[in-house]
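Residue-level listing of the chains:
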Amino acid sequence: MVFPTSAALLDACVLAVLSKGDTYGYALTQQIKEKLGVSESTLYPVLRRLQREAFLTAYDQPFDGRNRRYYQITPEGERQLAWYREEWKTYRSGIDSILLTDTERNGDKDE
């Protein structure tokens, strides 16, 4: 991807994925990697930071003779995600007003 992905955007994406349900680390990183093209090694520090900030918790679950680490969003993480979503709307609107034509922003009204 040509545009860099900021720490805040990664945080928001991780929290958004977890808001849909608990998931284990590898599956979570694959979902985000597929959409944003960031490496797994970039995402594990994000998970640790979000855990430190109490936006998510982790627990282990046995799977095929080993443990998988699952992540779960906390109520504080839900509040942070709501804030990120509002900030994203403002940010996206500003970028759209610069990059997109009037027709792209408003849709073609003749159709």
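Residues numbered from 1 in each chain as written. Predicted model: local features only at pLDDT ≥ 70, side-chain atom pairs only at ≥ 80, totals over all residues. Heavy atoms only, no water.

## Looking at the overall build of the protein chain
- For the protein chain, the count of helices and strands is five helices and three strands.
- From first element to last, N terminus to C terminus, the protein chain shows the α and β order α-β-α-α-β-β-α-α.
- At 17 Å, the protein chain has a C-alpha radius of gyration far larger than the 13 Å of a compact globule built from 111 residues.
- In terms of principal-axis extent, the alpha carbons of the protein chain reach across some 60 × 25 × 25 Å. (Helix = DSSP H or I, 4+ residues; strand = E, 2+ residues; numbered from the N terminus. Rg over C-alpha atoms; globule rule 2.2 N^0.38 Å.)

## Focus on the layout of surface pockets
- Of the volumes computed, that of the largest pocket is approximately 710 Å³.
- Those elements that place two or more of their residues in the lining of the largest pocket are helix 1 (7-19) and helix 4 (75-99).
- For the second largest pocket, the calculated volume is near 180 Å³.
- Going through the elements one at a time, helix 1 and helix 2 (25-36) are the ones with two or more residues in the lining of the second largest pocket.
- Per-element tally for the lining of the second largest pocket: the top contributor is helix 2, with four residues.
- Tallied by class, the residues present in the lining of the second largest pocket amount to five nonpolar, one polar and two charged. (1 Å grid on protein atoms, 1.4 Å probe; cavity = no way out; pocket = protein on both sides within 12 Å on 5 of 7 lines; lining within 4 Å. Points joined across faces, edges and corners; volume = space filled by probe spheres on them. Nonpolar A, V, L, I, M, F, W, Y, C, P; charged D, E, K, R; others polar.)

## Some remarks on the pairing of strand 3 (residues 66-73)
- Where strand 1 (residues 23-24) lies against strand 3, two bridges are found, and the strand directions are antiparallel. Bridge pairing in strand 3 links threonine 23 to tyrosine 71.
- Summarising the sheet, strand 2 (residues 56-63) and strand 3 pair through eight bridges and their orientation is antiparallel. Paired with leucine 56 across the two strands is isoleucine 73, which belongs to strand 3. (Pairing = 2+ DSSP bridges.)

## Some words on the side chain of threonine 74
- Along the chain, the position of threonine 74 falls in the loop between strand 3 and helix 4.
- Here threonine 74 falls in the buried class, since its relative accessible area comes to 11%.
- Those residues in contact with threonine 74 that lie beyond four places of it in its chain are Ala54, Phe55, Leu56 and Thr57. (Buried < 20%, exposed > 50% of the residue type's maximum accessible area, 1.4 Å probe, protein only. Contact = heavy atoms within 4.5 Å.)

## A word on the sheet that holds strand 3
- Strand order in this open sheet of three strands is 1-3-2, and the pairing throughout is antiparallel. Two strands close off the open sheet at either side, each with one partner strand: strand 1 and strand 2.
- With respect to the sheet, helix 1 is in contact with strand 1, strand 2 and strand 3, its orientation differing from that of strand 3 by roughly 100 degrees.
- Against the sheet, helix 3 (residues 40-52) makes contact with strand 2 and strand 3, and its axis sits at roughly 120 degrees relative to strand 2, the strand it touches most. (Axes fitted to C-alpha atoms, helices over the stretch in contact; angles between N-to-C directions.)

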